[in-house]
Amino acid sequence: MAVWDDLVGQDRVAEQLAAAARDAHAYVAAASGGAEPELSGSAMTHAWLFTGPPGSGRSTAARAFAAALQCLSPDLALGGRPGCGFCDGCHTALIGTHADVEVIRTDLLTIGVKETRDLVRRAQLSPAGGRWQAIVLEDADRLTEGAGNVLLKAVEEPAPRTVWLLCAPSTEDVLPTIRSRCRHLALRTPPVAAVADVLIRRDGVEPDVARAAAQATQGHIGRAKRLATDEQARARRAAVLRLPERVKDIGGCLRAAQELVDAAAADAKQLAEELDEKETGELRAALGAADGKRLPRGTAGAMKELEDRQKRRATRTQRDALDLALTDLTAFYRDVLARQFGSTVALAGGESAAAVERVAAASRPEQTLRRMEAVLDCRRALDRNVAPLLAVEAMTMALR
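(A) Up close: the overall build of the protein chain. Along the protein chain, the regular secondary structure elements total 15 helices and 5 strands. Relative to its length of 400 residues, the protein chain is compact, with a C-alpha radius of gyration of 24 Å against a globular reference of 21 Å. With the C-alpha coordinates of the protein chain rotated into their principal frame, the extents come out at 75 × 60 × 40 Å. A separation of at least 24 residues holds for 72% of the contacts in the protein chain among residues at least 6 apart in sequence.

Quick look at the structure:
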């Protein structure tokens, strides 16, 4: 399977990246032959910016391109397309063990100056395999302003064979000085049918389950896979979609808000516990405090730094879980609005079709629009660090 096969519904982007990888291969081949190749005028460049809505496959496209740059297929000598997916270069790049492919992702709220400086320093090294060093920054939108300024110089004047692959929801989420130095590729939301097909073909999901998950998430590949393979995820989504009919009085509003926030906190705790325990154990072992021994003198600061980072990650994870619930809630009210205007568009909720009909019949379109605005206000409040319970309580009261 070629590395491009996971780019669901992104044929145009795949063609552009394949052309760039082909020019990159020609550059390496010419340099190996003693020539002085030039990248100017070719499809290849040293900095790329991948943008698109959540679930469009930004990081998937960046990792596929990074793998294609390391492709060692014999067919390349015959004019074949880079990114075969079977050679050692492609395989190790895709599974994350290639020495010249570094994928940077974060569970924290931001990426700071210190981490960015370390990354820029590593980017100055020559590729170990003699081809290209690819750095995939999956959360470029989380760079602080200071970190963005640190990255700017590296993107502006990269090492000869270093390629920066930045991913962000939109061009507005990165500094103008950075995006002006990158080649921009805009990805679209994949068609529902294409997402269902990849779940069936790649993940072995039953066709009915795959189609329902793809429809419910409206083409979000990652969420569709989780919904199709995780029973708990389906149960949590069903609970969120019952919320519109539970906010009939003040008591119901407050209970629904508390349950929504508690569920997000439980999700965050579940995801974090195993990782926190592993990180703490590894650090204690590295400091010589394994098997319950006391920490050596002067090492408490390292433990405190790890604990602070884990707390920030837990905060981010809880916000992400809440945001996912709010996204499902927005889709519910969008279906309600569609019904109120007589549209026959397919429901994103699927299993909540009856609830959509009931809410649509009991309210007017202007009320539905105000409720959608209340959900968006809640998301904006969470972005401004408002306490989650206060933000969600204000939302549920407005939904009533």
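(B) Spotlight on the pattern of salt bridges. Applying the stated criterion to the full structure yields 25 salt bridges. A salt bridge links Asp 118 to Arg 121, with the shortest nitrogen-to-oxygen separation between them at 2.4 Å. Here Asp 118 pairs with Arg 121, and both are found in helix α4 (residues 113-123), just 3 residues apart, close to one helical turn. The partly exposed category is assigned to Asp 118, whose relative accessible area is 27%. Residue classification places Arg 121 among the exposed positions, given a relative accessible area of 53%. Here Arg 380 and Glu 373 are joined by a salt bridge, their closest N and O atoms 2.7 Å apart. The class of Arg 380 is partly exposed, set by a relative accessible area of 38%. Each of Asp 6, Arg 202, Asp 203 and Lys 225 takes part in one network of salt bridges that share partners.

(C) Structural view of the pairing of strand β1 (residues 47-51). The buried fraction of β1 is high, at 5 of 5 residues. Alternating positions in β1 separate into two faces, Ala 47, Leu 49 and Thr 51 on one and Trp 48 and Phe 50 on the other, with burial throughout. The sheet contact formed by β1 and strand β4 (residues 162-168) spans 5 bridges and is parallel. Note that in β4 the partner of Ala 47 across the bridge is Trp 164. Direction of pairing for β1 relative to strand β5 (residues 183-186): parallel, over a ladder of 4 bridges.

(D) Local environment of unusual backbone geometry. At Asn 385, a position not held by glycine, the phi torsion is positive, near 70°. Tracing the chain through its elements places Asn 385 in the loop between α14 (365-383) and α15 (388-399). When its relative accessible area of 52% is taken as the criterion, Asn 385 is described as exposed.

(E) Structural view of the nonpolar core. Counting 38 residues, the largest nonpolar core has Trp 4, Leu 17, Met 44, Trp 48, Phe 50, Phe 65 and Leu 165 as its most contacted members. Counting only elements with at least two residues in this core, the list comes to α1 (11-32), β1, α2 (58-69), α3 (88-95), β3 (133-137) and β4. Top element by residues in this core is α1. It accounts for 9 residues. Those residues in contact with Leu 165 that sit more than four places away from it in its chain are Trp 48, Phe 50, Ala 62, Phe 65, Ala 66, Ala 134, Ile 135, Val 136 and Leu 137.

(F) How the structure looks around the sheet that holds β1. A sheet is described by the order of its strands in space; here 5 strands give the open sequence β2-β3-β4-β1-β5, paired in parallel fashion. Looking at the sheet topology across the chains shown, the edges are occupied by β2 (101-104) and β5. Within this sheet the neighbouring strands show an average axis-to-axis angle of 15°, counted without direction. In this structure, β3 lies alongside β4, joined through 5 bridges in parallel fashion. Considered in β4, the bridge of Ile 135 is made with Trp 164.

(G) Here's a closer look at the packing of aromatic side chains. On inspection of all chains with the given rule, the structure shows 3 aromatic pairs. Pairing Trp 48 with Phe 65 gives two aromatic rings, centres 5.1 Å apart and planes at 70°, and the pair type is edge-to-face. In this pair, Trp 48 sits in strand β1 while Phe 65 sits in helix α2, placing the two residues 17 residues apart along the sequence. Each of the two residues, Trp 48 as well as Phe 65, counts as buried. Plain terms: the ring middles of Phe 332 and Tyr 333 are 5.5 Å apart, the flat faces sit at 90° to each other, and that makes the pair edge-to-face. Owing to a relative accessible area of 1%, Phe 332 belongs among the buried residues under this scheme.

(H) Spatial organisation of helix α10 (residues 231-241). Burial in α10 covers these residues: Ala 233, Arg 237, Val 240 and Leu 241. Angular distribution of buried residues about the axis of α10 spans 95°; they occupy a single face of the element.

(I) How the structure looks around the packing of α10 against helix α12 (residues 300-340). Remark: α10 packs on α12, axes separated minimally by 9 Å, with the N-to-C direction vectors making an angle of 50°. With respect to α12, the axis of α10 lies oblique. In this structure, α10 meets α12 at a crossing whose hand is right-handed. Along its contact with α10, which presents Arg 237, Val 240 and Leu 241, the element α12 presents Ala 325, Asp 328, Leu 329 and Phe 332. Of the residues in the contact of α10 with α12, the class split is 5 nonpolar, no polar and 2 charged.

Definitions and cut-offs
- Residues numbered from 1 in each chain as written.
- Predicted model: local features only at pLDDT ≥ 70, side-chain atom pairs only at ≥ 80, totals over all residues.
- Heavy atoms only, no water.
- Helix = DSSP H or I, 4+ residues; strand = E, 2+ residues; numbered from the N terminus.
- Rg over C-alpha atoms; globule rule 2.2 N^0.38 Å.
- Contact = heavy atoms within 4.5 Å.
- Salt bridge = Lys/Arg side-chain N within 4 Å of Asp/Glu carboxyl O.
- Buried < 20%, exposed > 50% of the residue type's maximum accessible area, 1.4 Å probe, protein only.
- Pairing = 2+ DSSP bridges.
- Core = buried A, V, L, I, M, F, W, Y, C linked by side-chain atoms within 4.5 Å.
- Axes fitted to C-alpha atoms, helices over the stretch in contact; angles between N-to-C directions.
- Phe/Tyr/Trp six-rings, centres within 6.5 Å; stacked < 30°, edge-to-face > 60°.
- Arc of directions from axis to C-beta.
- Parallel < 35°, antiparallel > 145°, perpendicular 65-115°, else oblique.
- Left-handed = near helix turned anticlockwise from the far one by under 90°.
- Nonpolar A, V, L, I, M, F, W, Y, C, P; charged D, E, K, R; others polar.

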